[in-house]
Amino acid sequence: VAFLFTDNQITNEKFLVYLNDLLNSGNIADLYAPDEKDTVCNDVISKAKAAGVQLEPPALYAYFISQVRRNLHVILCCSPVGDAFRNRCLKFPALVNCTVIDWFQPWPEEALYSVGKKSLADLEFENDDARNGIEKFLPASFKHVEAMQIKFKQMENREVYTTPKSYLELLALYKKLLSDTRGKNDVAQARLLNGIQKLNECASIVDSLKADVAIKLEQAGEKAAIANGIATTVQAEKEVVEMETENANIEAAKVAQIQTDVTAQAASAEADLAAAEPAVEAAMAALDTLDIKALGNCKSMMKPPPGVDDVFASVMVLMAGCQTPTGKLIPAEKSGKVREKNRDWGTCKKVLLGNIPQLVADLKLLKDEYDAGRVPHINWKEVRPFIALEHFKVEIIMGKNPAAAGLTNFVLNIVNYYDIVVTVEPKRKALAEAKETLSTANERLALVKEKVHALQLKLAKLTAELDAATKSRQEAEAVVAKGKMKLDLAQRLIKALSSENVRWNKGVQQLKESRMNLIGDSLLSAAFISYIGPFAKEYRDELVSEQWIPYIHEVKIPMSDPGGPLQVLCTDSEIAKWNTQGLQSDQVSIENGAIVKRSSRWPLLIDPQLQGIAWIKTMEGGDADRPLQVVRLSNNDIMFKMTRALENGFPVLIENMGEKIDATLMPVVARNTMARGSKKFIKLGDDEVELHKDFQLYMHTKLSNPHYPPEIQAECTLVNFTVTPSGLEDQLLSLVVRKERPDLASKKAALIQQQNQFLIRIGELEDEILARLAAAQGDITEDVDLIEGLENAKKLSTEINKQLDQGKKTSKQINMTSEKYRPTARRGSQLFFIMQRLVMIHTYYIYSLNAFVVVFSSAIDMIQNEDKAKAKAAKGPKLRGLKKLQNFTKTIIHSMQRFPWSHNILLEASHASNIDMTSLNAFFSGEGPEAAKVEVFNVGDVVDTSFGVAKVLEKHIMPDTGLPKYRVEMKTSTLNGKPMQFTLSSDSVRKYTNYAERTTRLSDKITDTIFNYVRRGLFEQDKLLVTTLLFFTLQVANDRIDEKLVNCMLFNSLDEGASVPEETKGWMNVMAWQRFCSVCSQLKELIPECATAVAEFAANAGDWEKWFTDSKPEDLPMPGSLSTLGTQKRMPFLRALRPDRVTFTLSRYISESEGPEFTFQPPFDMAATYQESSASTPIFFVLFPGVDPTGWVEDLGKSFNITLERGMFVNISMGQGQEKPAEATLEKMSDKGGWVMLQNLHLMQSWLPSLERKLEVCSMNAHQDFRCFISAEPPGFSYMKNIPESLLQSCIKVANEAPSDLKSNISRAWAAFDKDRLNCLLVDKGSGPDGGTAPDQVNAFKGCLFGLCFFHSVMLGRIKYGQQGWSRKYSFNVGDLTICGDVLEAYLRKSKTVVPWQDLRYVFGEIMYGG
């Protein structure tokens, strides 16, 4: 069994304790619990018994351990880079003593070649020469990078590693990149060819479309004539039909009216008849009540009761003349009247009661008979007398005879029915007549409709013929219109894309030619991505331009000329998009952007200036569906966020990393995936997480020079985003212009933004045009939407190009003015990179770009404030003392920029805001305030014109425009010996600015401000070195000193072949003479006197000896021909002959060339330091023996009423257990605006990362009065680190170490006593013997105090001699001096007349400073 364990898996050093035990004995103590140990022993009993082992638990377990030692193979994989492996070997000897070390050496070139050749076997190349060249280039490039790593380490002290895995990643990347670029080339060719084909098709059918349209136009005319003839006939017939139809409509209206009337009459008659129905029903009901038997009984009556006979008589009268059987029996006249004599009871019995059933049946038919008109009308008249009788009522007759009562009821109701029907009868007649009229009208209407129908059928036939002719004509016209439209669209398409056709043909040709070159271009790009990321610009250029490209040409690999990796890796529109998202526009930043976007490995950004991370956050932070997950390795939820991002395809940014990566994250970093079907999984901790195809990981560190081990560099793509000098110069130029000319800066930033957006849009439009053409189906000349869309796209593209040209012209004018500020920006860039290199002197000398930009900006603000102060007279009384300090400090604090720890504030100056874009649009449209702004000049003003600087001679106002016109005289241009004169309009005359003088003033102020900022944090021993480095660099850049002279001093080389003259052997050593000869040899072109200096040295040996042995040779002229040399040219000779006096010479030279303020530092001013700080800028005090900054902070706090008593100041001396109180205090004071002082941070190194994060969080929303003061002792050696780099970068550093020279020490000591302390012995008027002051004592106190300061300074100067003169080494500090001052004051107060010199000398010399 093999147990494989790598050092990446060591999350805790305790792991190695167990490994050490395992390697030593095979046994890990306490690995098994007792019960588990028993189980192990029981499991091996059978094998132990076979091996002859005693079956006792100790013996069984020993047998188990022996089997473990025999069968377990432990494989440890450790990186030899760094101190970790060495320290682990020292702590755990078994790692060395109990293992066989197999040191894997770098692959030889033959192995690289073999692996590369095998990897490329499946790739297709046009010829074997290309394949052979690539196989040679792959190992050669690897060796080139290895050599460059060594040079990079020597020159920059940066570690870069290439491993076999890096080489394998290059091979995989090249294959992928070549495949992708070939695919893109083929797709691009296909799209362009398709576009060209569509345009050619349009061009080829234009002539045929013209002829076809002419023929079809003639056919359409013939068909139109036929259709017009038919249309005339149809029109005539249509008029007849319309007339007849109108008549029919009139008849129909009449019939409708008649029908309405008939309907109304019928309804009225029916209503009246309906009213008669109850009477009929009552009559019929009465008949139903008749009892035949009762009627039969009536027949037997001889004489009926009174009234009954009248009932039967009325029935007989009603039925007289009817055609019913009973009616025929009734005797009646022709008129139907029954005579009176025939109305007696006997006749009634005979006629009516002879056949009683027939009587009842005939009565029921009486209504029908009446309705049929067969009942004589006289019957109804004759019956009325009976009805009128008083007893002719149903209820009366009922009492006499029920049968008669039923007949009474019938008679009454049937007569009532008759009366109703009689009233309806006229209506019935009218209804009958109306129906007749309606019938006649309907017949007439039918005839008319029949005629109209016949006409309509005829018209329909003619209309159908017309429709057919019209359709034929329309079809012909449509064909013609379609042909014209196709012709028009084809011509429009050709016209719109004619320029594109030429460009596309050229593009196809270029793509065909470049396809072969993709072999070399992709190879160069793959090597560029794989290797180039960690290197700085000059090393990149050397690798690419001086090594790789020449080698590619040498081995005959096809490649573009001129070649470059960016040709393959990105396009102009992509670069413009990155610039819009915040990526800087310099070459290195663009290269870095291409590496980040195209690398197959996850990028790790080395970004101390926070410019790369700003771009990443903007680029990945705009998609709400894929939110950017920003985490740190110290976050508790990093695993949760990483899991969610892996599953959902979110981008992850791990910011502010150190030099190690947690072992649990290494599977993600290394992209160690496992396949499960079509899905991929990554082991994250104990879980397997599905990997989404869109997942993206970015890693970032703020460390300026991180040392990542080879295993991390092999898994990641290191990308060095450290700002370059040229890139920073451009950014600082934007900042300077933004400060000095905000109007120009606004326009320039907006123009850059606009041009980037235009480039992006142009690329999108070209893609849109080609995509539309590629997606077009069928005949393209029939797709109106397509061609109109192409026209609009081309039109928009043309407009954008016009605006681009306009923007370029405006940018050129703006750049002309902006470039005049470049010397200031260049000075700033030079200063920053000098500051960046100071970390090589000491780890404390490290500065962030944000801190530098704040100081840089404040220097410009100081110049502008000085200008404002000069421009206006001072108003109001001047403030004095503390009030002045408080007001001034308040102004500074409010104007001081608070820079976030993780934000690139320089980006704001170069990128356009919404206000900038709005102003630019208004400017181009002529609506902005600048468009209407005209600057007016007076006679005698100096102005700037297009021809140069001039002076205004005359001014005239134009009557038509109201604008001024000037006659100017040029300052420099002459004609025939006289100054040239021009008459210029107002837009050609601008305010004159002496840019050379302005930039010089700005540069000097910036240099002074930054130098003081840096010097305040330097150790005393390094100040002259840094000052020399600073000004030598600036003077070389400004051609004020020759670089050869500086290099001569720097290297101080020997001319080993030079023999020492006999005259010098007694007083000059060999090395001094050889250095002198080397100086003369190197500088003979720069200093002509050097040519004869060596030859004449022997002749002037006496003078040289005097000069050489003098205690201050820098004050004496050099002998011989070198006597005329100035301080600058004498320095190399002093460096060669008297190196002990170089420091004095350097101080003199800097003082003479730059000013004494750069060699003499005034005493530390706590108030001035506070004015530069902000709530996000801690002040870091470097602790030296005898230096305690607590008093400085407390005294300053008292002047702002920030004291311990008010709870606004907290002083914490850090030590064990102080972490939580310190963090709580920081949170509290950042909210309320108090001060916190954390001392002795060097004792809490493990807690400092937490402090750094806490300060960063507090700085985001801290009260503006919040301040944090921290202090720590420097590490034992300058290369060691005891404070986090990012914390040091953000601090204002104060190293108030005692200076080494006497003058500075006296100034520093005297500054410890303010004016009030110097006058402490003044007495009130009238209190002294003479009634006034005591000036003698005051003067005595000042004199003694100055002597004390002098003595204190001498004691400090003796520190370099150690403890000589004392029993032990002691660093006297300001506390000793102030105590002596208190003693002096007490003695003088006690002795008012005489100064006790002896006492003071003894106290100060023997007690205070003795021992």
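Criteria and thresholds
- Residues numbered from 1 in each chain as written.
- Predicted model: local features only at pLDDT ≥ 70, side-chain atom pairs only at ≥ 80, totals over all residues.
- Heavy atoms only, no water.
- Helix = DSSP H or I, 4+ residues; strand = E, 2+ residues; numbered from the N terminus.
- Buried < 20%, exposed > 50% of the residue type's maximum accessible area, 1.4 Å probe, protein only.
- Contact = heavy atoms within 4.5 Å.
- Areas by Shrake-Rupley, 256 points an atom, 1.4 Å probe, with all protein chains shown as cover.
- Pairing = 2+ DSSP bridges.
- Axes fitted to C-alpha atoms, helices over the stretch in contact; angles between N-to-C directions.
- Patch = residues over 30% accessible without salt bridge, like charges linked within 9 Å, V, L, I, M, F, W, Y side chains within 5 Å.
- Salt bridge = Lys/Arg side-chain N within 4 Å of Asp/Glu carboxyl O.
- Phe/Tyr/Trp six-rings, centres within 6.5 Å; stacked < 30°, edge-to-face > 60°.
- Core = buried A, V, L, I, M, F, W, Y, C linked by side-chain atoms within 4.5 Å.
- Lys, Arg positive; Asp, Glu negative; His and termini not counted.
- Charge placed at Lys NZ, Arg CZ, Asp CG, Glu CD.
- Expected span 1.5 Å × (residues − 1).
- Arc of directions from axis to C-beta.
- pLDDT = per-residue confidence, 0-100.
- Parallel < 35°, antiparallel > 145°, perpendicular 65-115°, else oblique.
- Left-handed = near helix turned anticlockwise from the far one by under 90°.
- Nonpolar A, V, L, I, M, F, W, Y, C, P; charged D, E, K, R; others polar.

As for the overall build of the chain
Then, number 1: Across its full length, the chain holds 55 helices and 20 strands.
Then, number 2: Within the chain, the proportion of its 1411 residues that are buried is 46%.
Then, number 3: Restricting to contacts in the chain with at least 6 residues of sequence separation, those with at least 24 account for 75%.
Then, number 4: In the structure as shown, the chain presents an accessible area of about 71,400 Å², 53% of it carried by carbon and sulfur atoms.

What to know about the sheet that holds strand S8 (residues 687–690)
Then, number 1: Read across the sheet, 3 strands follow the order S6-S7-S8 without closing on themselves; strand pairing throughout is antiparallel. Since the sheet does not close on itself, it has two edges, and those belong to strand S6 (673–676) and S8, each with one partner. Each strand of the sheet is rotated relative to its neighbour by a mean of 40°, with strand direction disregarded.
Then, number 2: Sheet topology note: the strand S7 (residues 679–684)/S8 ladder contains 4 bridges and is antiparallel. Within S8, the position partnered with Lys-683 by the bridge is Glu-688.

Examining the sheet that holds strand S15 (residues 989–991)
Then, number 1: The strand order across the open sheet built from 5 strands is S14-S13-S12-S11-S15, with neighbouring strands paired in antiparallel fashion. Bordering the open sheet on either side are strand S14 (978–985) and S15, each of which pairs with just one other strand. Averaged over all adjacent pairs, the angle separating strand axes in this sheet is 45°, with direction ignored.
Then, number 2: Sheet topology places strand S13 (residues 964–975) next to S14; 7 bridges connect them, and they run antiparallel.

A few points about a nonpolar patch on the surface
Then, number 1: A contiguous nonpolar surface patch, about 320 Å² in accessible area, is contributed by Leu-1302, Phe-1346, Phe-1350 and Val-1354.
Then, number 2: At 3 residues, the largest contribution of residues to the nonpolar patch is made by helix H53 (residues 1335–1357).
Then, number 3: Relative to the helices and strands, Phe-1346 resides in helix H53.
Then, number 4: Residue class for Phe-1346 comes out partly exposed when judged on its relative accessible area of 41%.

Describing the packing of aromatic side chains
Then, number 1: Under the criterion given, the structure shown has 47 aromatic pairs.
Then, number 2: Between the aromatic rings of Phe-832 and Phe-852, the centroid separation amounts to 5.2 Å while the plane-to-plane angle is 55°, which identifies the pairing as tilted. Placement of Phe-832 in helix H32 (residues 822–837) and of Phe-852 in helix H33 (residues 849–871) is noted, with a sequence separation of 20 residues between them. Each member of the pair Phe-832 and Phe-852 is classed as buried.

Some words on the nonpolar core
Then, number 1: Residues Phe-852, Leu-1238 and Leu-1241 are the most contacted members of the largest nonpolar core, which totals 104 residues.
Then, number 2: Ranked by the residues each element gives to this core, the list is headed by H33, at 10 residues.
Then, number 3: Sequence-distant contacts of Leu-1238, defined by excluding residues within four places in its chain, comprise Ile-1212, Met-1214, Ala-1222, Leu-1226, Trp-1247, Leu-1251, Phe-1269, Ile-1270 and Ser-1271.
Then, number 4: Counting 64 residues, the second-largest nonpolar core is a separate cluster that includes Leu-112, Ala-526, Trp-548 and Trp-578.

So, the pattern of salt bridges
Then, number 1: Considering all chains together, one arrives at 45 salt bridges under this definition.
Then, number 2: Where Asp-83 meets Arg-86, a salt bridge forms, and the shortest distance between an N and an O atom there is 3.4 Å.
Then, number 3: Among the salt bridges present, the one from Arg-1253 reaches Glu-1256, with a minimum N-O distance of 3.5 Å. With Arg-1253 and Glu-1256 both in helix H49 (residues 1248–1261) and 3 residues apart, this pair spans about one turn of that helix.
Then, number 4: Using a relative accessible area of 32% as the deciding quantity, one classes Arg-1253 as partly exposed.
Then, number 5: The structure contains a network of salt bridges with shared partners spanning Glu-740, Glu-866, Asp-867, Arg-998, Arg-1001 and Lys-1005.

Focus on a negative patch on the surface
Then, number 1: A cluster of acidic residues, Asp-1188, Glu-1194, Asp-1195 and Glu-1205, forms a negative patch on the protein surface.
Then, number 2: Examined against the element boundaries, Glu-1194 turns out to sit in helix H47 (residues 1190–1199).
Then, number 3: Given a relative accessible area of 33%, Glu-1194 falls into the partly exposed group.

Structural notes on helix H24 (residues 587–598)
Then, number 1: Taking 1.5 Å of rise per residue, 12 residues should cover 16 Å, and H24 covers 16 Å from first to last C-alpha, within 8% of that figure.
Then, number 2: Along H24, the residues that are buried comprise Val-588, Ser-589, Ile-590, Glu-591, Asn-592, Gly-593, Ala-594, Ile-595 and Val-596.

Overview of the side chain of Ser-1286
Then, number 1: Relative to the elements of secondary structure, Ser-1286 occurs in helix H50 (residues 1285–1290).
Then, number 2: Residues within four places of Ser-1286 in sequence aside, it is in contact with Lys-702 and Glu-1252.

Concerning helix H23 (residues 572–580)
Then, number 1: For H23, the full list of buried residues reads Ile-575, Ala-576, Trp-578 and Asn-579. All buried residues of H23 lie within an arc of 160° about the axis, which places them on one face of the element.
Then, number 2: Where H23 terminates, the next one or two residues include Gly-582, which has phi positive at roughly 115°.

Remarks on the confidence of the model for the chain
Then, number 1: For the chain, mean pLDDT is 82; residues scoring 70 or higher make up 87% of the total.
Then, number 2: Predicted confidence is poor over residues 888–896, with pLDDT under 50, and the contacts of this stretch with residues over four places away or in other chains come to 13 contacts.
Then, number 3: Across residues 1324–1333, where pLDDT falls below 50, the model places 8 contacts with residues more than four positions away in sequence or in other chains.

Quick look at the packing of helix H48 (residues 1219–1232) against H49
Then, number 1: Closest axis-to-axis distance for the H48/H49 pair is 10 Å, and the angle between their directions is 15°. With respect to H49, the element H48 is oriented roughly parallel. Seen from above, H48 lies across H49 with right-handed handedness. Each of Glu-1223, Leu-1226, Glu-1227 and Ser-1230 in H48 lies in contact with H49, whose residues at this interface are Ser-1250, Leu-1251, Lys-1254, Leu-1255 and Cys-1258.
Then, number 2: Tallied by class, the residues present in the contact of H48 with H49 amount to 4 nonpolar, 2 polar and 3 charged.

Some remarks on unusual backbone geometry
Then, number 1: A cis geometry characterises the amide bond from Asp-561 onward to Pro-562, with omega recorded as 0°.
Then, number 2: Phi is positive for Asn-157, close to 60°, though the residue is something other than glycine.
Then, number 3: On the secondary structure map, Asn-157 appears in the loop between helix H8 (128–156) and helix H9 (164–288).
Then, number 4: Overall, the relative accessible area of 43% leaves Asn-157 in the partly exposed class.

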